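# Coordinate analysis (summary)
Listed below, chain by chain, are the residues.
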Amino acid sequence: MRVFVTGGTGLIGSAVVAELLGNGHTVLALARSEASALAVKAVGVEPLRGDLADLDTLRAGAAAADGVIHLAFGNDFSSPDALARCVAEESAALAALGERLLGSDRPFVTVSGTPRVPGRASTEADPPPTDGPVAGRGRAVMSVLDLASRGVRSSAVRMPRTVHNHGTGGFAGMLTDIARRTGVAGYPGDGAQRWPAVHALDAAVLFRLALERAPGGTAWHAVADEGDAVRDIAAVIGRRLGLPVERVPEESYGPLGPIFATDQPSSSSHTRQALGWQPTHPNLLEDLENIQP
Ligand SMILES: NC(=O)c1ccc[n+]([C@@H]2O[C@H](COP(=O)([O-])OP(=O)(O)OC[C@H]3O[C@@H](n4cnc5c(N)ncnc54)[C@H](OP(=O)(O)O)[C@@H]3O)[C@@H](O)[C@H]2O)c1
């Protein structure tokens, strides 16, 4: 397939691009800068210059492809307003991509997040969050899945809180960055709360499987570790950086504080059984051993 990919230079997207190329697909990648265009060209991918806000460019990319994988996101967590702008930009982009695919029966795979369900691990059957700072992302993904009734083979690959590679990425990567900045390997709450995780190279395989095989309107969980206790994550970060490991007030994490403090394990039993997905790369605590002081 010729696949239009947004976010193809990111931590997850670069792994997805490599997975696609390694399995006989070709890729057209959205590139918002010359540096990003050069980066994708270097791995044998055709760039399509444009930003997530350039809706005509997104439509052109979707029209030129047999399928679409969407991963780009502004990732600006600096304030509630900044985050809301990123969510609005992505929602408009998903609507433009979906509109161009109507009636085509082509696959449209979008990234999403594993939901949180109090008292148990969330499953693929649970709906995405409809409250909190990223509720708009959940609504946009539901709109994409609804396109299944309008001739789009749409699916969502839900990411756990940490997608990692070489010890960086996701929530655990943010805790590492904060530890370097503050001199404390901190965690909110009592640290017993669990975050699910996956290696980016394993997540990439699931994006390819969803592109190739997922029926329309389905959601999948790229979860390798059902839940790592946050104090265990902080303990590895502290040891690798030679810093004290301490409880830190939830408020110091800004809009992410309440999310960081929540127990949110997630299961991928259905995904493994239905799509034959099997993670093979190091788990989060093993991968964090790659952190360099
Ligand atoms: N990493 C995780 O642990 C994790 C966990 C849950 C969900 N996710 C979600 O997974 C997706 C990918 O995450 P990631 O960790 O791979 O992100 P990342 O490394 O920050 O990469 C973001 C990608 O999006 C592109 N991008 C950002 N804003 C753009 C814009 N306005 N126009 C065009 N391209 C834009 C970037 O392009 P440039 O080359 O220009 O930088 C880059 O390719 C995101 O939706 C993220 O929220 C990630």
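Above this text sits the structure in question.
Residues numbered from 1 in each chain as written. Predicted model: local features only at pLDDT ≥ 70, side-chain atom pairs only at ≥ 80, totals over all residues. Heavy atoms only, no water.

## Concerning the site of the ligand
- Taken together, 25 residues lie near the ligand, and Thr 9, Arg 32, Ser 36, Arg 137 and Val 163 sit nearest.
- For the ligand, an oxygen atom lies 2.8 Å from a polar atom in the backbone of Ile 12.
- Between the ligand and Val 163, the relevant distance is 2.6 Å, taken from an oxygen atom to a main-chain nitrogen or oxygen of the residue.
- Across the complex, the protein chains shield 81% of the 910 Å² of accessible surface that the ligand would expose by itself.
- The residue makeup of the shell around the ligand, split by class, is 11 nonpolar, nine polar and five charged. (Near = heavy atom within 4 Å. Polar contact = N/O pair within 3.5 Å; in protein donor to acceptor, adjacent residues only side chain to side chain. Areas by Shrake-Rupley, 256 points an atom, 1.4 Å probe, with all protein chains shown as cover. Nonpolar A, V, L, I, M, F, W, Y, C, P; charged D, E, K, R; others polar.)

## Describing the pattern of salt bridges
- Taken as a whole and assessed by the stated rule, the structure comprises 10 salt bridges.
- Here Glu 34 and Arg 49 are joined by a salt bridge, their closest N and O atoms 2.9 Å apart. One end of the pair, Glu 34, is in helix α2 (residues 34-42); the other, Arg 49, is in strand β3 (residues 46-49), with 15 residues separating them in the sequence.
- Two residues, Glu 99 and Arg 59, come together in a salt bridge whose shortest N-O distance is 3.1 Å. Note that Glu 99 is positioned in helix α4 (residues 80-101) and Arg 59 in helix α3 (residues 55-63), a separation of 40 residues in sequence.
- Overlapping salt bridges bring together Glu 19, Arg 208 and Glu 212 as one network. (Salt bridge = Lys/Arg side-chain N within 4 Å of Asp/Glu carboxyl O. Helix = DSSP H or I, 4+ residues; strand = E, 2+ residues; numbered from the N terminus.)

## Here we look at the nonpolar core
- Counting residues in hydrophobic clusters, the biggest one holds 32 residues, and the most contacted among them are Val 16, Leu 20, Ile 69, Val 157, Met 159 and Phe 207.
- Take this core: its biggest share by element is eight residues, from helix α7 (residues 200-213).
- With near-sequence residues (within four places) excluded, Val 157 lies in contact with Val 109, Thr 110, Val 111, Ser 112, Leu 206, Phe 207, Ala 210, Trp 220 and Ala 222.
- Formed by 21 residues, the second largest nonpolar core is a distinct cluster that contains Tyr 187, Val 236, Leu 256 and Leu 288. (Core = buried A, V, L, I, M, F, W, Y, C linked by side-chain atoms within 4.5 Å. Buried < 20%, exposed > 50% of the residue type's maximum accessible area, 1.4 Å probe, protein only. Contact = heavy atoms within 4.5 Å.)

## A short note on the sheet that holds strand β6 (residues 153-159)
- The strand order β3-β2-β1-β4-β5-β6-β10 describes an open sheet built from seven strands, whose pairing is parallel. If you trace the sheet from one side to the other, it starts and ends with β3 and β10 (218-221), each paired once. Taken over all neighbouring pairs, the strand axes of this sheet differ in orientation by 25 degrees on average, direction set aside.
- Here helix α5 (residues 135-146) sits on the sheet and contacts β5 (107-113), β6 and β10; the angle it forms with β5, its principal contact strand, is near 155 degrees.
- Sitting on the sheet, α7 touches β1 (2-6), β4 (67-70), β5, β6 and β10, and the angle it makes with β6 is about 165 degrees. (Pairing = 2+ DSSP bridges. Axes fitted to C-alpha atoms, helices over the stretch in contact; angles between N-to-C directions.)

## Digging into the environment of Gly 169
- Topologically, Gly 169 is positioned in the loop between β7 (162-164) and α6 (170-182).
- Placed 119 residues apart in sequence, Gly 169 and Leu 288 show a C-alpha to C-alpha distance of 9.9 Å.
- Not counting chain neighbours up to four residues away, the residues in contact with Gly 169 comprise Leu 11, Thr 162 and Val 163.

## Some points on the packing of aromatic side chains
- Enumeration over the complete set of coordinates arrives at four aromatic pairs.
- Seen in terms of ring centroids, Phe 171 and Trp 195 are 5.1 Å apart; in terms of plane orientation they differ by 75 degrees. Their pairing is edge-to-face. With Phe 171 in helix α6 and Trp 195 in strand β9 (residues 194-199), this residue pair connects regions lying 24 residues apart in the sequence. Trp 195 shares its class with Phe 171; the two are buried.
- The cationic tip of Arg 137 hangs over the ring face of Phe 73; the distance from NZ or CZ to the ring centre is 3.6 Å. (Phe/Tyr/Trp six-rings, centres within 6.5 Å; stacked < 30°, edge-to-face > 60°. Lys NZ or Arg CZ within 6 Å of the ring centre and 35° of its normal.)

Such coordinate-based values are descriptive only and should not be taken to indicate function.
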